[in-house]
Amino acid sequence: MLTEEMKEPGDQDTDGRRLDRSKSDGKRSQGSLKAALRSAVREDNKVLEDATDETYIEGGESHLEDDDYDMEHLEGSSSSFQDDYMGNIGDSQNMGAPTPASEEAEEKVKKKISENFFYDYTELVSMPFVTPDSNIPLDLLTLVHSFGYDCRKRANLQLLDSNTVTYIAGNQLILLNLKTKEQMYLRSISGRGIGVIGVHPDKTYFTVAEKGVFPKIIIYEYPSLRPYRILHDGTELGYAYVDFNYNGTLLASVGSNPDYTLTIWNWKEEQPILRTKAFSQEVFKVTFNPEDDEQLTTSGSGHIKFWEMALTFTGLKLQGSLGRFGKTATTDIEGYMELPDGKVLSGSEWGNMLLWEGGLIKVELCRAARKSCHQGPINQIMLDEGEVITIGADGCIRIWDFETVDTADSIDDTGLLEIEPINELQVGKNVKLFSMIKMKEIGSNFWLAQDASGAIWKLDLSFSNITQDPDCLFSFHSGAVEALAVSPLTYLMATTALDCSVRIYDFASKTPLAQMKFKQGGTALAWVPRLVSYTGAQIIVGFEDGVVRILELYDPKGLTVFAGRKKISDADINLRQVFKPHTARVTALAYERDGEILATGSKDQTVFFFEVEKDYKPIGYITTPGPVRQLIWSSNSHPDSTLLIICENGYVLETPFPTIKEEEENRDVVSYEIKDMHIKCFHFSSVKSKILRLIEIEKRKTLKKLKEKEKEERRKQLAAEKGEDGEKELQAEEEEEEQEEPLPEIFIPSTPCRILCGFYSEPGKFWVSLGGYDAGFLYHCEFPLSDKSSAITKKKDEPFDFRLLEDTEDNPIQTITFSIHQDMMFCGMQNGAIRVYILNQDNPSLMIEDYWHFNIHDNNYGCIKGISTSFDDRFLVTTGADSNIFVFTIFSEFELKKDIRAKVPSPRFGIETEPIPEDIEDPKAYSIENARRKREHDKLMKEVEEIKAGKREKLKALRNEFWKLLEMNQGLPKHMQFKQTDFDIDSKIRAEIGRKTAFKIQQVEKELAWEKEKHQLGLMKLQNRFRESLESDTIVVHAIQSDHKISSYRLVKPSKYSKSKRTSLSDRRTSKMERFEKEGAGRKDSQKDTDGRISVEEESIIEKGKKFRPKTLSEIIVENQIEKTRKLILKAERAQLKIQQRKKEWEDLADCKLCVPVHID
């Protein structure tokens, strides 16, 4: 049986050798073997197709399967090449054993799929769910346009022909015509989202790899858009990347979390050829080597892996070799490219290029002066017309010489090689390029680029004199679209996001109109009602730094036209007013029903009120028990105007209409805080476990009634058939019945679940939707009677009614809006789906039984942030966390007029001459409350300073008068002068002042005692470490009349284990080596010091110290120096001794000559 070849870090091939990507003679022979095998397979397939009478079903199943054919053997194993292609081979488990001729003749031949076979798209595509027997039309909502683009999704821009691009938008695949701007849509087959898309090299097919449980890969034919092939069981939950080989005959796919399965497909036959686990962490990409289909590369989080198809005894297998980073830091690899000779060039997170060979980094490429190739990660590397192109997140495209890159090698131990690009292009400011595709236009070098900052660019990389500037074809929001608002007068909508932009769209004519950029991201948005702005030209936007801006939309065509003016757009935005009521992100904005009051809520747990008529004059604010989630003013059906404040942490407040104070009353107030407002509070307490318990009780009661009814019928039947014996038999059956299971326990989560949204039902009552454990229901709540004795945080209130929401246990409602006539409730779900409940207008209670449900945004991260209907209920608009904005038409008996267009408000008279208000760009700027407190504080400090200045002037005058009296006293005769003590009014005052001063000094000393001791200990430790260990520090003596200087050495004190100094060589204690040479090996060293000053016990201590205490570098240097000095002294003494001995010899010789008798003849 074929087993899977799993290669993780440290893996090797079957021969124990590392995989080498460079080509060799042995590899060529292996490749030729595989080529021969392929040709043989093709011939066999052709013969089988000609010899077999096959039947095909158009628009039905993929093909008629043989009874002996089983797909399960492909899961978890690498199948052999022959098993997938040759129809005359049986089960893969019996491949190794020879098949008898009789069995081979009887074996059925696998049937092939016709080249002309297509699936029926209408039978495959996912459809909306509608409650049975509800009469809700399937086309209740129809998608008409998408204004969004998931620009941060990997490889989410593909080119089908010179005028058509395709990209993923939630559960739709959008085909966009670049010239006409028209959109076509293909729905997800699974309804669980789309993972990744890919295009065939011939542009005749494209793949849609979906998400979900065991998702499918659908190959569509282009331009017919008919499903051509469907691949099954390639991964568990979703695909991360797909890629065709150079010829388009094979398809490689890699799965996302949790399995990361790498699969090679014979996609035309819908069969997997090879399958293995790519890696244990996230895999970003998989590609074939354009020069060799038998080589693949995968990369991802902290790894790159090189794969090769190896023909073994058991068949064809995938063998992987993990790239070794060595001394280079491990990095996520987003972009890479296979070179023709088998090497791989990859990017890195810090912007340099890594050249891989044989699974190791051969060299790291950087720019001159060790500058990185890009400022940030390299997201894509391509080879085009003999040049290497790198695309970086810094918005730069750089062109490199291929020969220089291919032949690069390290020249020193750093492993770096400096090269410079041939050409480069900076696309724009704040551009983050993610991927590029080349447009097949003859005689041009145009590319389309995916910008992670929310754009699609058309780039000219010809680098000539006539090169065109980068052209931004489309601009979108980047990241989650935080808020949405629709005009109350026409088909205009406004959106904002954390990408610091506010955008205006005409959703009827499918046209983006205008955008405005700011320093901070937008978090809340509302269209100013007509009671405030009759023309419907104003929108109000809240930002993440607590600032609120009022913007005015107008048609610039109504302004005075000046000569030389640029092209006039259809709409423009003007900053009307700006103020900062909060210190954290603004989360909610709401106008009172009469347009008199504006309320703003924030994460800083405050709600601020403004008087709209007086240019949004601040009224005051209240504090809330938690971060504000939503603000809702009561409608006209309520007798009083009240504000419903929904907090995230389970609190719901209701405030009355704030009292507007006169200017005179409000002038002397230090703070804007409103403390006398009567606020109702509801603290939600979980009741879901109680509801589930009641449902279970009702279910058991119903079941019990049915059982009793069955028993009664059974009793009558047995009584009629068996009489008394039947009664006994029935009693025996009742005794055998099992006991009931215990009811579910009551559970209340320790942390309150978040309130996601809510709305008024009637005065004092409201509905809320919660997440977490309490999801799955809508809860009807009522404010309790006010109890001032108990604290708000200790209150626990329960809802009095609920509505069960089907299939929302893990998918709660995030946002709710109603149609104008209150006959439909539109719900945005956490998984990006839209749910529409049909309401009964005759019944005031919320009856939500029949609904329409459809997955629109991305199921994993496409939570719907905003949902709203147009002013006439003709359109529905949704925005999601997946950057998508979808526009739907709502089913109506009346047809929409064609070519309808929104009317942009005309500009106010004199708008072009009005001064632009000063914007608040500093995120640390004071809020309205903080500015007022600071103003009051500054005012108070100014008054205090004035009082202090007055006191100082009085003291100065008194002091001057006193000095004059002292001078007059000095001018008097000696006997008439007053003594100094006579000027003391009370002698005790000076003593008291001295005593207070001493007491204050003592208090300060006590307060600083800990700090004083801390610093003393620190100083002592520093002295012990650096000063006490020195015998003498460095002393520098400078000459007075010159620049000469001389310095001493810094000497370290000898250790307590060192021996005392000796004055001469004779006093030196012999070393251990000398004693060993003198006394012989194996004898213990028990000799005492010559001067007798060191005892045996001290010597043992010294030996232990030497044994257990490692020597420092300074000790080693000192010992070496002492040893050298000792040797020099010894040598000098020996030389001196030798000289003295020779001198003595000469003296003896001279004496001998003098003593010899001389004989004279």
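Residues numbered from 1 in each chain as written. Predicted model: local features only at pLDDT ≥ 70, side-chain atom pairs only at ≥ 80, totals over all residues. Heavy atoms only, no water.

**A look at the overall build of the protein chain**
Counting its regular elements, the protein chain contains 14 helices and 62 strands. Within the protein chain, the proportion of its 1161 residues that are buried is 45%. Carbon together with sulfur atoms contributes 52% to the accessible area of the protein chain, which is approximately 64900 Å² in total. (Helix = DSSP H or I, 4+ residues; strand = E, 2+ residues; numbered from the N terminus. Buried < 20%, exposed > 50% of the residue type's maximum accessible area, 1.4 Å probe, protein only. Areas by Shrake-Rupley, 256 points an atom, 1.4 Å probe, with all protein chains shown as cover.)

**Overview of the pairing of strand β5 (residues 172-177)**
Buried residues dominate β5, accounting for 5 of its 6 residues. Of the pairings in the sheet, the one linking strand β4 (residues 164-169) to β5 comprises 6 bridges and is antiparallel in character. Looking across to β5, one finds that Y167 is bridged to I174. The hairpin formed by β4 and β5 contains 2 residues between the paired strands, and G170 there has a positive phi angle of roughly 65°. The pairing of β5 with strand β6 (residues 183-187) spans 5 bridges and is classified as antiparallel. The partner of L176 across the bridge, within β6, is Q183. (Pairing = 2+ DSSP bridges.)

**Observations concerning the confidence of the model for the protein chain**
Low-pLDDT stretches of the model should not have their predicted coordinates read in fine detail. Residues with a pLDDT of 70 or more make up 81% of the protein chain, whose mean pLDDT is 83. In the model, residues 39-109 has pLDDT below 50 throughout and makes 111 contacts with residues more than four positions away in sequence or in other chains. This model gives residues 1081-1096 a pLDDT under 50, and the stretch forms 17 contacts once residues within four places in sequence are excluded. (pLDDT = per-residue confidence, 0-100. Contact = heavy atoms within 4.5 Å.)

**Quick word on the pairing of strand β35 (residues 511-517)**
Bridge count for strand β34 (residues 501-506) against β35 is 6 bridges, and the pairing is antiparallel. Following the sheet pairing, D506 is matched in β35 by T511. The turn joining β34 and β35, which pair antiparallel and follow one another in sequence, is formed by 4 residues; a positive phi near 60° is taken by K510.

**Re the pattern of salt bridges**
Any two side chains of opposite charge can pair, given that their charged atoms come close. Across all of its chains, the model carries 32 salt bridges by this definition. D341 serves as the salt-bridge partner of K343, at 2.3 Å between the closest nitrogen and oxygen. A relative accessible area of 29% places D341 in the partly exposed class. Ionic pairing is found between R933 and E929, a salt bridge with its closest N-O pair at 2.5 Å. Of the two residues, R933 and E929 are both situated in helix α9 (residues 928-971); the distance of 4 residues between them amounts to about one turn of the helix. You can call R933 partly exposed: its relative accessible area is 40%. Residue E929 is classed as buried on the basis of its relative accessible area of 6%. Several salt bridges share partner residues, and in doing so they unite D341, K343 and D406 into one network. (Salt bridge = Lys/Arg side-chain N within 4 Å of Asp/Glu carboxyl O.)

**Things to note about the sheet that holds strand β55 (residues 851-855)**
As summarised here, the arrangement of the 5 strands in space is β1-β55-β54-β53-β52, forming an open sheet in which the pairing is antiparallel. Pairing within the sheet leaves two strands with one partner each, and these edge strands are β1 (129-130) and β52 (813-818). Direction of pairing for strand β53 (residues 824-829) relative to strand β54 (residues 833-838): antiparallel, over a ladder of 5 bridges. Each bridged residue has a counterpart across the sheet, and for G828 the counterpart in β54 is I834.

**Re the sheet that holds strand β28 (residues 433-438)**
As summarised here, the arrangement of the 4 strands in space is β28-β29-β30-β31, forming an open sheet in which the pairing is antiparallel. The sheet is open, and its two edges are formed by β28 and β31 (471-475), each paired on a single side. Averaged over neighbouring strand pairs, the angle between their axes works out to 25° when direction is ignored. By the bridge criterion, 6 bridges tie strand β29 (residues 446-451) to strand β30 (residues 455-460) in an arrangement that is antiparallel. Paired with Q450 across the strands is I456, a residue of β30. (Axes fitted to C-alpha atoms, helices over the stretch in contact; angles between N-to-C directions.)

**Some points on the nonpolar core**
Nonpolar side chains in soluble globular proteins tend to be buried together. Membership of the largest hydrophobic core comes to 35 residues, with the highest contact counts inside it found for M493, F507, I539, L551 and L553. Among the elements that make up this core, the one with the highest residue count is strand β32 (residues 481-486) (5 residues). Ignoring sequence-local partners within four residues, the contact set of M493 consists of F147, L484, A485, V486, R503, I504, Y505, F507, W527, V877, I885 and V887. Core analysis: the next-biggest nonpolar cluster, separate from the first, contains 34 residues, F474, I834, I867 and F888 among them. (Core = buried A, V, L, I, M, F, W, Y, C linked by side-chain atoms within 4.5 Å.)

**Quick notes on unusual backbone geometry**
The general pattern is negative phi for most residues beyond glycine and trans for most peptide bonds. Cis rather than trans, the peptide bond between Y222 and P223 has omega equal to 15°. Along the polypeptide, P223 turns up in the loop between β9 (217-221) and β10 (227-231). Put simply, N257 and P258 share a cis peptide bond, and its omega is 15°. Following the sequence through the fold, P258 ends up in the loop between β12 (251-255) and β13 (261-266).

**Comments concerning the environment of V607**
Along the chain, the position of V607 falls in strand β42 (residues 606-611). Judged by relative accessible area, V607 falls into the buried class, the value being 0%. Excluding residues that lie within four positions of it along the chain, V607 makes contacts with A599, T600, G601, G620, Y621, I622, T624, V628, L631, L643 and I645.

**So, the packing of aromatic side chains**
Taken as a whole, this structure holds 37 aromatic pairs when the rule is applied. Summarising the aromatic geometry, the rings of F129 and Y851 are spaced 5.5 Å apart at their centres and angled 45° between planes, so their arrangement reads as tilted. In this pair, F129 sits in strand β1 while Y851 sits in strand β55, placing the two residues 722 residues apart along the sequence. Looking at F129, the relative accessible area reads 40%, which means it is partly exposed. Given a relative accessible area of 2%, Y851 falls into the buried group. (Phe/Tyr/Trp six-rings, centres within 6.5 Å; stacked < 30°, edge-to-face > 60°.)

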